[in-house]
Amino acid sequence: MDFDTDIKRRQTACASFKLEAKFGWTADDAIPMWIADSDFATAPCVNEALSQAVAHGAYSYGYDRDAYHAAVVWWMGQQLGWQISPDWVVPAQGLGHAIATALDIWSEPGEGVCYFTPVYHEFRLKTERAHRRPVPMPMALVDGRYVIDWDAAEAAITPDTRVLLFCSPQNPSGRIWTVAEQRLVAAFAAKHDLILISDEVHADLLFGDAEHVPMDVAAPEHRDRTITLHAASKAFNLAGLRVGQYIISDPALREKVIDRMTALNFDPSTLGILATTRAFSPLGAEWLAAQLEYLDGNRRVFDDGINAIPGLKSMALHSTFLPWVDFAGTGMSPEEITARIHGQARIGSAPGTWFGPGGETFHRFNLAMPRAWIEDCVTRMQHAFSDLQ
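Each value, and the rule that gives it
- Along each chain, residues carry numbers from 1 onward, in the same order as the chain's sequence is written.
- Confidence filtering applies because this is a predicted model: local features only for residues at pLDDT of at least 70, side-chain atom pairs given and counted only at 80 or more, and all residues used for totals across whole chains, interfaces and linings.
- No hydrogens and no water enter the side-chain calculation; it runs on all heavy atoms of the structure.
- Two strands pair under a simple rule: DSSP has to find at least two bridges between them.
- Helix and strand definitions here come from DSSP, where helices need a minimum of 4 consecutive H or I residues and strands a minimum of 2 consecutive E residues; each element is numbered from the N-terminal end.
- We call two residues in contact whenever any of their non-hydrogen atoms come within 4.5 Å of each other.
- Every angle, taken between N-to-C directions, lies between 0 and 180 degrees, and every axis is a line fitted to C-alpha atoms, over only the stretch in contact when it is a helix.
- For Phe, Tyr and Trp, where Trp contributes only its six-membered ring, two rings pair if their centres lie within 6.5 Å, and the inter-plane angle classes them as stacked under 30 degrees, edge-to-face over 60, or tilted in between.
- Throughout, exposure labels follow a simple rule: accessible area from a 1.4 Å probe, protein chains only, divided by the maximum for the residue type, with under 20% read as buried, over 50% as exposed, and the rest as partly exposed.
- An angle below 35 degrees is read as roughly parallel, one above 145 as roughly antiparallel, one from 65 to 115 as roughly perpendicular, and any other as oblique.
- Take the far helix as the reference: if the near one is turned anticlockwise from it by less than a right angle, the crossing is left-handed, and if turned clockwise, right-handed.

Our next topic: the sheet that holds strand 14 (residues 350–351). Reading across from one edge, 11-12-15-14 is the order of the four strands in this open sheet, with antiparallel pairing throughout. Single-partner strands in this sheet number two, and they are strand 11 (313–314) and strand 14. With three bridges connecting them, strand 12 (residues 324–326) and strand 15 (residues 362–364) associate as antiparallel partners. Among the inter-strand pairings, Asp326 is bridged to a residue of strand 15, identified as Phe362. In the packing of helix 13 (residues 334–344) onto the sheet, contacts are made with strand 14 and strand 15, and the angle to strand 15 comes to roughly 30°.

Have a look at this one:
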């Protein structure tokens, strides 16, 4: 399977390549690594299904609900060992829509939404757009990995906090949470009467023998407050088709989501449902395994090159395709670090400040692109920080 070919996203309306608006760059020599999507064409089985639908030429109401639900059930069991029921699955217009809808259901304007930082910056942005109050809870960095600082969490939480957004696997660090850690998170949510939304969109992107355990499996005694989010968008580069799913084992929670979706007259994209159904199949699993092998090669090239630069440390990545690099050892300010990466290297990385408290000395990169681009990135970084050699 070919992951080395440039699929020419630069010539499309792809958000990753809107570099003039984001960075002020007009030339085509920059490497965009700031958005968490890939530069790979999706699985052939998905493209074949979509091509057949386009060739048919009619885009009608309705979709094959039974096939979609069966595919999600099969995928969860096959990939994660999670045995779910078809009626647990509720489609959403992508996970951003799922989070926004959940905030609308379980909180009111002005109330708090908490999350452990540094974390996916859209947790904060979606909270602010919904006119809720962000409640960041900084984690501790211990021996090169993040651990939850429960004292800091207790200090940050407020009586009017209603929702806990939890990123699992963790973005931007690629951290996989243990069952014991997830049980503590669920117990914290119960103690403070929070709805626990576990965003598990990166659960399919695991390296080596890494294992992801869904929150629903880790803490089944807290199913009455747990909502799991999942999608094919990251693993199969389908974000633009705008389909993800809630997976909710508790009937009362699930009914609230269905009621709100019905009230808003929501139906998912038929092409997005078709793409998800075909992705979550044996052929999709075969393609994903090949992609992960390629990504693992990119990970080694990136880590070897970045870690060879004095003062830089790429955090051990167990999941996602988003390496998280610490520049604290350089002694530079966040502004100087960004100036070197964006200004000298012309690499469109995501500054750690986007991800909240604890991210100040970091930048997030992206491995989901042809290996030649990763090699070019490493060369540019070594040149930009050559005075440290």
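Quick look at the packing of aromatic side chains now. Counted by the stated rule, this structure contains 25 aromatic pairs. With 5.4 Å between their ring centres and 35° between their planes, Phe3 and Tyr294 make a pair best called tilted. On the criterion of sequence distance, the pair formed by Phe3 in the segment before helix 1 (19–23) and Tyr294 in helix 12 (residues 282–307) is long-range, its members being 291 residues apart. Neither Phe3 nor Tyr294 differs from the other in exposure class; each is buried. Ring centres 6.3 Å apart and planes at 85° place the aromatic pair Phe116 and Phe166 in the edge-to-face group.

Before going further, it helps to spend a moment on the sheet that holds strand 3 (residues 112–117). The strand order across the open sheet formed by seven strands is 2-10-9-8-7-3-4, and the pairing between neighbours is mixed. Only two strands of the sheet have a single partner each, and these edge strands are strand 2 (89–92) and strand 4 (133–138). Averaged over neighbouring strand pairs, the angle between their axes works out to 25° when direction is ignored. With four bridges connecting them, strand 2 and strand 10 (residues 244–247) associate as antiparallel partners. Bridged to Pro91 within strand 10 is Gln245.

Turning to unusual backbone geometry, a few remarks are in order. Here the residue pair Thr117 and Pro118 is connected by a cis peptide bond, since its omega of 0° sits within 30 degrees of zero. Within the secondary structure layout, Pro118 lies in the loop between strand 3 and helix 5 (122–129). Ser168 connects to Pro169 through a cis peptide bond whose omega is -5°. For Pro169, the location among the structural elements is in the loop between strand 7 (161–167) and helix 7 (179–191). Even without being glycine, Asp143 reaches a positive phi, approximately 50°.

A separate point is the packing of helix 3 (residues 65–80) against helix 12. Running from amino to carboxyl end, helix 3 crosses helix 12 at an angle of 40°, the nearest separation of the two axes being 11 Å. By the angle class used here, helix 3 and helix 12 are oblique. In this structure, helix 3 crosses over helix 12, and the sense of that crossing is right-handed. Along the contact surface, helix 3 presents Trp74, Trp75 and Gln79, while helix 12 presents Pro282, Gly284, Ala285 and Leu288.

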